[in-house]
Amino acid sequence: MKFKMGDIATENQRYFHIKLTSDNKSEIEKFERFLKNIRALLFKASSQQVQILWDDLSYYYTNQAYPLIHEIENIMRKLITKFMLTNVGLSWFKEASPQEVIDSIRHKSSKNSHNHIYEADFIQLSNFLFKEYTSISAKNLAEKIKTVSRLEDLSLDELKSFVPKSNWERYFSALVDCESEYLSKRWEKLYQRRNQVAHNKSMSKQEFNEVVQLINDVKPKLQEAIGKLDQITLPEEDKESIIENAEENLTNLTDNTQQAFKILREAGESMTNPLAQAMLTLTNLRGWMGSS
């Protein structure tokens, strides 16, 4: 331990500079608890938070966490890229992205590469798999509703086709025994821990352990999904909606589902009562499917 003190004359204050070190990695957890107790005692004595000038413990844990996060992030990218390449084709990214997005790629030299998915943000990757969207055009459905005069003229299948589903629900849930929500919640938590590492924030042993646990939960499911990609056959009519979903979720576009319901609500304003009931039916369709 090294100790130094001094006075700040202009502020009538005194500072204490304490340096605590340990070279024994096997007792790093004990050292972490020791530092925590020291900070608590100093706060109790001064009613001031201790200002940390250098934190090698955080440096140690973030260095341990980085390769784990790097690996799981690229496993997710591999899953999405292979899924799109084998089901949509080589030009899937250009078809799924506005020109201004392609023009804004961070690494200009990689524009002709087919690895643009590696330019997408960590959280946008999960949006592609887990964010729900509709596979039918909201405009087309609104036009359909306008042309009918009775509720009976709208089939339940047509209404169900507008119920938002994620790509995981559509293509992977039957192959991998895992709910979309299970993965998406863990990915969101992992995103928070990833930002600690990326933005040079402190990380405790407990937070590092959470990173390990989250990755252990997610990694086997993603790897299983990759291993079963050859069992997925994408219907031709789904390809357009898949590309639109990629465009939205990999480029931070406006929520398509909200737009869709806005269009339908506007269409419903000029409808007769039976069709207004149909609109209500559509809005509550989730409840029907959950109880059926």
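Since the model is a prediction, treat every value here as computed from it, not as a measurement.

Undergrad: Break down the pattern of salt bridges for me, citing the residues and quoting the values.
TA: Under the definition given, this model contains 10 salt bridges. The partner of lysine 219 in a salt bridge is glutamate 71, and the shortest N-O contact between them spans 3.1 Å. Separated by 148 residues along the polypeptide, lysine 219 in helix H10 (residues 205–227) and glutamate 71 in helix H2 (residues 56–87) bring together distant segments of the chain. Assessed through its relative accessible area of 23%, lysine 219 is described here as partly exposed. A salt bridge links arginine 77 to glutamate 73; the nearest nitrogen and oxygen atoms lie 2.3 Å apart.

Undergrad: Can you explain unusual backbone geometry? Please cite residues and give values.
TA: Backbone geometry places serine 47, a non-glycine residue, at a positive phi of 60°. Counting through the fold element by element, serine 47 comes out in the loop between helix H1 (28–46) and H2.

Undergrad: Describe the pairing of strand E2 (residues 13–19), with residues and values.
TA: In the sheet, strand E1 (residues 2–8) pairs with E2 via seven bridges, with the strands oriented antiparallel. Residue pairing in the sheet places methionine 5 in a bridge with phenylalanine 16 of E2.

Undergrad: Account for the packing of aromatic side chains, with residues named and values stated.
TA: With the rule as written, the count across this model stands at 11 aromatic pairs. The interplanar angle of 25° and the centroid separation of 6.4 Å between the aromatic rings of phenylalanine 31 and phenylalanine 34 together place this pair among those described as stacked. With a gap of three residues between them, phenylalanine 31 and phenylalanine 34 both fall in helix H1, about one helical turn apart. Residue phenylalanine 34 is classed as partly exposed on the basis of its relative accessible area of 38%. Aromatic pair phenylalanine 130 and tryptophan 168: ring centres 6.0 Å apart, planes at 55°, arrangement tilted. Remark: tryptophan 168 occurs in helix H8 (residues 167–172) and phenylalanine 130 occurs in helix H5 (residues 122–130); sequence separation between them is 38 residues. Classification of phenylalanine 130 by relative accessible area gives buried; the value is 10%. By relative accessible area, which is 0% here, tryptophan 168 ends up buried. Among the aromatic side chains, those forming a connected cluster through ring pairs are Phe83, Phe128, Phe130, Trp168, Tyr171 and Phe172. Looking at arginine 186, its charged tip hangs above the ring of tyrosine 182, at a distance of 3.6 Å from the centre.

Rules behind the numbers
- Residues numbered from 1 in each chain as written.
- Predicted model: local features only at pLDDT ≥ 70, side-chain atom pairs only at ≥ 80, totals over all residues.
- Heavy atoms only, no water.
- Salt bridge = Lys/Arg side-chain N within 4 Å of Asp/Glu carboxyl O.
- Helix = DSSP H or I, 4+ residues; strand = E, 2+ residues; numbered from the N terminus.
- Buried < 20%, exposed > 50% of the residue type's maximum accessible area, 1.4 Å probe, protein only.
- Pairing = 2+ DSSP bridges.
- Phe/Tyr/Trp six-rings, centres within 6.5 Å; stacked < 30°, edge-to-face > 60°.
- Lys NZ or Arg CZ within 6 Å of the ring centre and 35° of its normal.

In short, geometric facts, not functional conclusions.
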